[in-house]
Amino acid sequence: MSSTQTPSENGTRPSLLEVTDLVVKLPVEGQMRTVLDGINLSIHHGESVGLVGESGSGKSMTAKAIDRLLPPGAQVTGSVRFDGTEVLSLAGEPLRRFRRDVAMVFQDPRAHINPVRRIGDFMTEAALAHNLMSRSAATKRALELLDAVGINDGPRRLRQYPYELSGGMLQRVMIASALLTDPRLILADEPTTALDVTTQSEVMAILDDLRRHYEVALLFITHDLELASAVCDRTAVMYAGQIVEIRSSELLHDDPLHPYSAALAAARPRIDATSVRLRAVPGMPLSSFEAPVGECSFAPRCSFAIDDCRTHRPELTPLAGGLVRCSRAEDLRSTLAVVDD
Amino acid sequence: MRWRFLALRGARLVVTLLVSSFVIFSSLYLSPGNPIATLSGGKSLSPQAIAALEERFHLNDPFFTRYFRWLWGVLHGDFGISIALRSEVSSLIAARIWTTLALVAYASLLILVIGIGLGLIGGLKSGWLDTGVLAVTAISAAIPAFVTAIGLLMLFVATLGWFPGFGDGDGFTDTVRHLTLPAIALALSSLAIVARITRSAIRAELRSEHVVTAVSRGIQPAAIVRRHVLRNAAIPIVTVSGVTIASLFAIAAVVERAFTINGLGAYLVKAATSKDFAVVQGISLVIVVVFVVLNALVDVMYALLDPRSRMRRS
Amino acid sequence: MVCAVVIALAALLAVVGPWIAPHNPEAANGADAWVGSVPGHLLGFDAVGRDLLSRLLAGARTSMLGPLIVVLASVMSGTLIAIVSAWRGGRVDAAIGSVIDIVFAFPGILLAILATTVLGVGLSAAVVALAIAYTPFLARVLRSAALIERGLPYVAALEVQGASSFTICVRHILPNLAPIVVAQATTIFGYAMVDLAAISFLGLGVQPPTPDWGVMVNENQSGVLQGYYQPSLIAGLCIVIVVVAFNILGERLYEQAQVRGR
């Protein structure tokens, strides 16, 4: 499998995170089912990469696999290299040190923060556990970061309990806490999905701002293609446990190469256009183990599928500044770009 | 905010106690039967003697007068006179309450140590240790205290002779020796419930999302168990422990009877059969008060342990 | 499952026990006291020379009947209270809740002791007391379930269609609560059996010479310290076995009720 380093930029810089042929199988109703079918991804220092897909595509699973948070019983093959070290074989103390350098921001902040401990305790816990700084230094840093994420009256907030804060504020606290240990990579798993739209944009802006400021790499997982394109340098689209396209966000947004990416882009309602019906992608999203074998997994839903698509699986091939998993990508270039109404 | 909660809870406590005392008093008041007959022991008395008895025990006063007189007396430590034994109920209670308290305290210790201990093992470990805990708790939960008592008597007293089979002993060590088997009998079925709840609370916390967060941050496993699993599981564990211990006083009656211990419970049963109302009233009130107060304490502890409960109150 | 078999067996014995007993359960012969197993008397004799096996078989009746009445009574009143409380809400709910709190202040055994003092010893007093004692527990559990039901869209739909409160409660909510009711009833049967046996053990429930497992544990207790522990212990074991069966069955039913509710 070829690596997914975009040939145009970042060609010589070593990547911070290098995922190669990652395959994950989970026990589902007594049998091992594939949920990730050979993921190849790299993230460079300070780069932000978006991972877009519908439910079942495996996007959250990818982040969990990288952070070694898969449920017991999961089978993982392939390689995840962080700064040169193989993550999948880490255990004990080295694994904990890896976790200091990689921070995860979760989807539902209220469920992911201990309700019986104070905010200050939550924020400083990781730094103290890794002996990175004294308690007072950690508290000071927490206050700085609270300010940076736009929460005022920091000292009071630190003493409060999670139930006293709104969802949006809790997510900001989560982001601030993630930055406290000076991580080099943040894995954000749908950080704004549980929030209302206004708060969403605020939180996204903060996340984007801060990660640029502190030069932290970001893997941003979402189902919203537009959101990813706005925030990330590069975007990868996932379907049925595979990456089907990965390119710079601008190019992907304006000129999608894969029929699925195009459909996702077109499906979003536009504020500056009217349509009689909302465009939806026909059919249901699939998990990897539900996808047909021996053919392109998107073929059943693809309006451009030909017989060839149903007889062999396409590989990721370079095209127009990115990689795409479609045998007809070259031909479809002109048609897909004009896919909106 | 906290004071308001305490005040409200305190008020609720007092109301519950008052109403309970009323229920206890009126239920016995409504009981059929002639107190004169009990007092006289079945002998027929002259009208003057009857009148004197009625005067002395205020038998002709209206209901509420009698209730308030009784309540007033109770609040001053006067529980009335035992008709059967012709002595003050308060001293009869005082003589026996320490035995029952010792028994309940001993059993509570066993419940907390063994119950929570087993629950911790079942919650934190997997495999045959956990299965063992589940099996033990399933069985012990189903054995009523008095059957346990018989079993213990058979095994440890009759067969092995390690412990005495009756009485409550003098002095500390002797009392402990005498109360060990009764305490085990009292504790066994209750500790199963505590163990079960402890186990499921710990397992639920281990699976919770905030623990995933802690793991993702690379916090040491021991710290995670201490700061997140145990701290959060403490809420249901304390609640169930408190409630279980509060109900021990009532079950003690059975165990006291089985082991012939001269405690409050056994005495209550005796008084009930001989219709010695004052005693039944007094001891019932003591048991209810203890039960209600302990439950209220559990509520307070719950509020202390779980900050979210303060949110609901206001 | 094993539990169902055990329960069915116990229920059967409750009905036919006294008839299939090989000997008269109440016929006492002092000379036979504590004698062990002999031909014709499989389990030997009890403290006053009665055939133990016959007594056990006959004792199934009161041991099972008492809890049955407790369960029926508490289920009926508990369900009624729960539905009224959940449906009416507001003041009615609060008032009922306060009364329930008061009843909760009385442990079951204590209520039974009070009841026997007032009404005299015997099974009826104990049964009444326990029915009262268990009602609040059931009412609380069912109230939560009823509140969830009440919040479901189909109830609002029925209200809009003009169905009466009574119809909605009885024809729709009640059947949906049935799985939980059955599960709780099963578990309570076990608790009631233990409590009633304890009360009989204390001498306040079923009175000797009527056979009853709880009574039997008590009346044969004197033998334990002398080494004749079988009568007392075996009666106790009968209780334990049936209670375990009810407990396990109750748990299973409860799990199923949860699953169905999703």
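Refer to the structure presented above.
Summary of the structure given here. On a predicted model such as this, the values are computed, not experimentally measured, just so you know.

1. Overview of the interface of chain C and chain B
Right, so step 1: Facing 37 residues of chain C, the contacting portion of chain B comprises 40 residues.
Right, so step 2: Considering only the side of chain C, the residues that lose the most area to chain B are C:T117, C:V118 and C:L202, jointly responsible for 17% of the buried surface there.
Right, so step 3: Viewed at the interface, chain B and chain C are joined by one salt bridge.
Right, so step 4: Here C:D101 ties to B:R12 by a salt bridge, and the two come within 3.5 Å at their closest N and O atoms.

2. A look at the environment of A:R100
Residue and element names in this part refer to chain A.
Right, so step 1: Relative to the helices and strands, R100 resides in helix α2 (residues 92-101).
Right, so step 2: A relative accessible area of 23% means that R100 is categorised as partly exposed.
Right, so step 3: Placed 74 residues apart in sequence, R100 and L26 show a C-alpha to C-alpha distance of 26 Å.
Right, so step 4: The residues contacting R100, other than those within four sequence positions of it, are H130, L132, T181 and P183.

3. Considerations on the environment of B:S90
Residues and elements named next belong to chain B.
Right, so step 1: With respect to the helices, strands and loops of the structure, S90 is situated in helix α5 (residues 89-124).
Right, so step 2: The class for S90 is buried, based on a relative accessible area of 17%.
Right, so step 3: Note: C-alpha distance between S90 and V133 (43 residues apart in sequence) is 44 Å.
Right, so step 4: Contacts of S90, omitting those with residues within four sequence positions, involve G77 and F79.

4. Regarding the packing of helix α5 (residues 135-148) of chain A against helix α7 (residues 167-180) of chain A
Residues and elements named next belong to chain A.
Right, so step 1: It is at 9 Å that the axes of α5 and α7 come closest, and there the two elements cross at 135°. Regarding the angle of α5 to α7, the classification is oblique. Every pair of crossing elements has a handedness; the one defined by α5 and α7 is right-handed. Contacts from A138, R141, A142, L145 and L146 in α5 reach V173, A176, L179 and L180 in α7.
Right, so step 2: Residue classes in the contact of α5 with α7 are distributed as eight nonpolar, no polar and one charged.

5. A short note on the environment of C:P39
Right, so step 1: Summarising the element assignment, C:P39 is placed in the loop between α1 (2-20) and α2 (52-88).
Right, so step 2: Along the chain, C:P39 and C:V15 lie 24 residues apart, while their C-alpha atoms are 26 Å from each other.

6. Looking at the interface of chain A and chain B
Right, so step 1: Contacts between chain A and chain B engage 24 residues on the former and 21 residues on the latter.
Right, so step 2: Here chain A packs against chain B, burying approximately 2,200 Å² in sum over the two surfaces, 56% of which is carbon and sulfur.
Right, so step 3: Broken down residue by residue, the surface that chain A buries against chain B is led by A:V116, A:E125 and A:Y163, which jointly contribute 29%.
Right, so step 4: The interface formed by chain A and chain B contains three salt bridges.
Right, so step 5: Taking the shortest distance from any N to any O, the salt bridge between B:R227 and A:E125 comes out at 2.8 Å.

7. Digging into helix α4 (residues 119-129) of chain A
Structural remark: α-helix, 3.6 residues per turn; residues separated by three or four positions point the same way.
Right, so step 1: Most of α4(A) sits inside the fold, with nine of its 11 residues counted as buried.
Right, so step 2: If you check which residues of α4(A) are buried, you get A:I119, A:G120, A:F122, A:M123, A:T124, A:E125, A:A126, A:A127 and A:A129.

8. Thoughts on the packing of aromatic side chains
Residues and elements named next belong to chain B.
Right, so step 1: Scanning the entire structure with this criterion turns up 14 aromatic pairs over all chains.
Right, so step 2: Aromatic side chains F22 and Y67 sit 5.0 Å apart centroid to centroid with 90° between the ring planes, which places their arrangement in the edge-to-face category. Taken together, the positions of F22 in helix α1 (residues 2-29) and Y67 in helix α4 (residues 63-75) put the pair 45 residues apart, joining distant regions of the chain.
Right, so step 3: Judged by relative accessible area, which is 4%, Y67 ranks as buried.
Right, so step 4: Each ring, one from Y67 and one from W70, has its centre 6.4 Å from the other, and the planes form 40°; the classification is tilted.

9. Here's the deal with the sheet that holds strand β8 (residues 217-222) of chain A
Residue and element names in this part refer to chain A.
Right, so step 1: Strand order across the open sheet formed by eight strands is β6-β7-β8-β3-β9-β10-β12-β11, with mixed pairing between neighbours. A strand with exactly one partner marks an edge of an open sheet, and here the two such strands are β6 (102-105) and β11 (317-319). The sheet shows a mean angle of 25° between the axes of neighbouring strands, direction not considered.
Right, so step 2: In the sheet, strand β9 (residues 234-239) pairs with strand β10 (residues 242-248) via six bridges, with the strands oriented antiparallel. Bridge assignment links V237 to a residue of β10, and that residue is E245.

10. So, the sheet that holds strand β2 (residues 31-44) of chain A
One key point about sheets: their strands pair by backbone hydrogen bonds, in either a parallel or an antiparallel sense.
All names here are of chain A.
Right, so step 1: Judged by pairing direction, the sheet is antiparallel, and its four strands sit side by side in the order β2-β1-β4-β5 without closing on themselves. Of all the strands in the sheet, just β2 and β5 (85-86) have a single pairing partner and so form its edges.
Right, so step 2: Judged from the seven bridges that link them, strand β1 (residues 15-28) and strand β4 (residues 75-82) form a sheet pairing that is antiparallel. Looking at β4, one finds that T20 is bridged to S79.

Calculation notes
- Residues numbered from 1 in each chain as written.
- Chains lettered and ligands numbered in written order.
- Predicted model: local features only at pLDDT ≥ 70, side-chain atom pairs only at ≥ 80, totals over all residues.
- Heavy atoms only, no water.
- Contact = heavy atoms within 4.5 Å.
- Buried area = accessible area lost by both parts, 1.4 Å probe.
- Salt bridge = Lys/Arg side-chain N within 4 Å of Asp/Glu carboxyl O.
- Helix = DSSP H or I, 4+ residues; strand = E, 2+ residues; numbered from the N terminus.
- Buried < 20%, exposed > 50% of the residue type's maximum accessible area, 1.4 Å probe, protein only.
- Axes fitted to C-alpha atoms, helices over the stretch in contact; angles between N-to-C directions.
- Parallel < 35°, antiparallel > 145°, perpendicular 65-115°, else oblique.
- Left-handed = near helix turned anticlockwise from the far one by under 90°.
- Nonpolar A, V, L, I, M, F, W, Y, C, P; charged D, E, K, R; others polar.
- Phe/Tyr/Trp six-rings, centres within 6.5 Å; stacked < 30°, edge-to-face > 60°.
- Pairing = 2+ DSSP bridges.

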